[in-house]
Amino acid sequence: MPHPFHVLIVDDQFSDLLLLEDILEESPLDILVTTALSGELALARLTEPDAPDLILLDYHLPGMTGLDVLGAVRERSQLDGIPVVVRSGSIDPRDAAAALAAGAQEYLTKPFGYAEQREQLLNILNRWQTDG
């Protein structure tokens, strides 16, 4: 029996974590969700034996930034193959370029409405469950 598709969501906004977790749990896909409110906590979660199949990473995190987390993930050979999708409220093309240069597979601007968030998230999952 195949294991559920494991997604680690990293975001410092608790309300955003809850929203994304709710969307994933309501989806028809077999998903296991792990969350982290900081970059440090995300890296601690990545030392567990059950590494995620996909990381959704907020670009702007206090302390250890999204780019710092991404760099740490890419430095660990056992984690390097995990796709990372960076999400941010920023539309600055320099942020997108920095995330992609650091090893992110995608950089997406966070939508504001629930329906848009849901559509974006399900599109991400459909892409990475089939492509990954």
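Note that the coordinates shown come from a computational prediction; the quantities given were computed from them, not determined experimentally.

Among the structural elements, Ser88 can be located in strand E4 (residues 84-88). Taking the relative accessible area as the measure of exposure, Ser88 reaches 0% and is therefore buried. A distance of 2.9 Å separates the side chain of Ser88 from the backbone nitrogen of Ser90, its partner in a polar contact. At a separation of 3.4 Å, a polar atom in the side chain of Ser88 contacts the side chain of Tyr107. Filtering out sequence-adjacent residues up to four positions away, Ser88 remains in contact with Asp58, Tyr59, His60, Tyr107, Leu108, Thr109 and Lys110.

Here we take up the pattern of salt bridges. Pairs can form between side chains of opposite charge once their charged atoms are near each other. Under the definition given, this model contains six salt bridges. The closest approach of N and O atoms between Asp58 and Lys110, which form a salt bridge, is 3.3 Å. With Asp58 in strand E3 (residues 54-58) and Lys110 in the loop between strand E5 (106-109) and helix H5 (114-131), the pair connects residues that are 52 residues apart, well separated along the chain. Accessibility assignment for this pair places Asp58 and Lys110 in one class, buried. Taken together, the shared-partner salt bridges connect Asp11, Asp16, Asp58 and Lys110 into one network.

Another point: the sheet that holds strand E2 (residues 31-36). Taken in spatial order, the five strands line up as E2-E1-E3-E4-E5 in an open sheet, and their pairing is parallel. Pairing within the sheet leaves two strands with one partner each, and these edge strands are E2 and E5. Adjacent strand axes in the sheet meet at a mean angle of 20°, parallel and antiparallel pairs treated alike. Examined bridge by bridge, E4 and E5 share four bridges and lie parallel to one another. In the sheet register, Val86 faces E5, and the bridge partner there is Tyr107. Along the sheet, helix H3 (residues 66-75) contacts E3 and E4; its crossing angle with E3, the most-contacted strand, is approximately 155°.

This brings us to the confidence of the model for the protein chain. Averaged over the protein chain, the pLDDT score is 90; the fraction of residues at 70 or greater is 95%. Highest mean pLDDT in the protein chain belongs to helix H4 (residues 93-101) (96); lowest belongs to H5 (85).

For the rest of this paragraph, the subject is H4. Those residues of H4 lying buried are Asp95, Ala96 and Ala99. Across the axial projection of H4, the buried residues extend over an arc of 100°, all falling on one side. Projecting away from the buried face of H4 at angles above 90 degrees are the exposed residues Pro93, Arg94 and Ala101. Among the structural elements, H3, E4 and E5 are those in contact with the buried residues of H4.

Analysis parameters
Residues numbered from 1 in each chain as written. Predicted model: local features only at pLDDT ≥ 70, side-chain atom pairs only at ≥ 80, totals over all residues. Heavy atoms only, no water. Helix = DSSP H or I, 4+ residues; strand = E, 2+ residues; numbered from the N terminus. Buried < 20%, exposed > 50% of the residue type's maximum accessible area, 1.4 Å probe, protein only. Polar contact = N/O pair within 3.5 Å; in protein donor to acceptor, adjacent residues only side chain to side chain. Contact = heavy atoms within 4.5 Å. Salt bridge = Lys/Arg side-chain N within 4 Å of Asp/Glu carboxyl O. Pairing = 2+ DSSP bridges. Axes fitted to C-alpha atoms, helices over the stretch in contact; angles between N-to-C directions. pLDDT = per-residue confidence, 0-100. Arc of directions from axis to C-beta.

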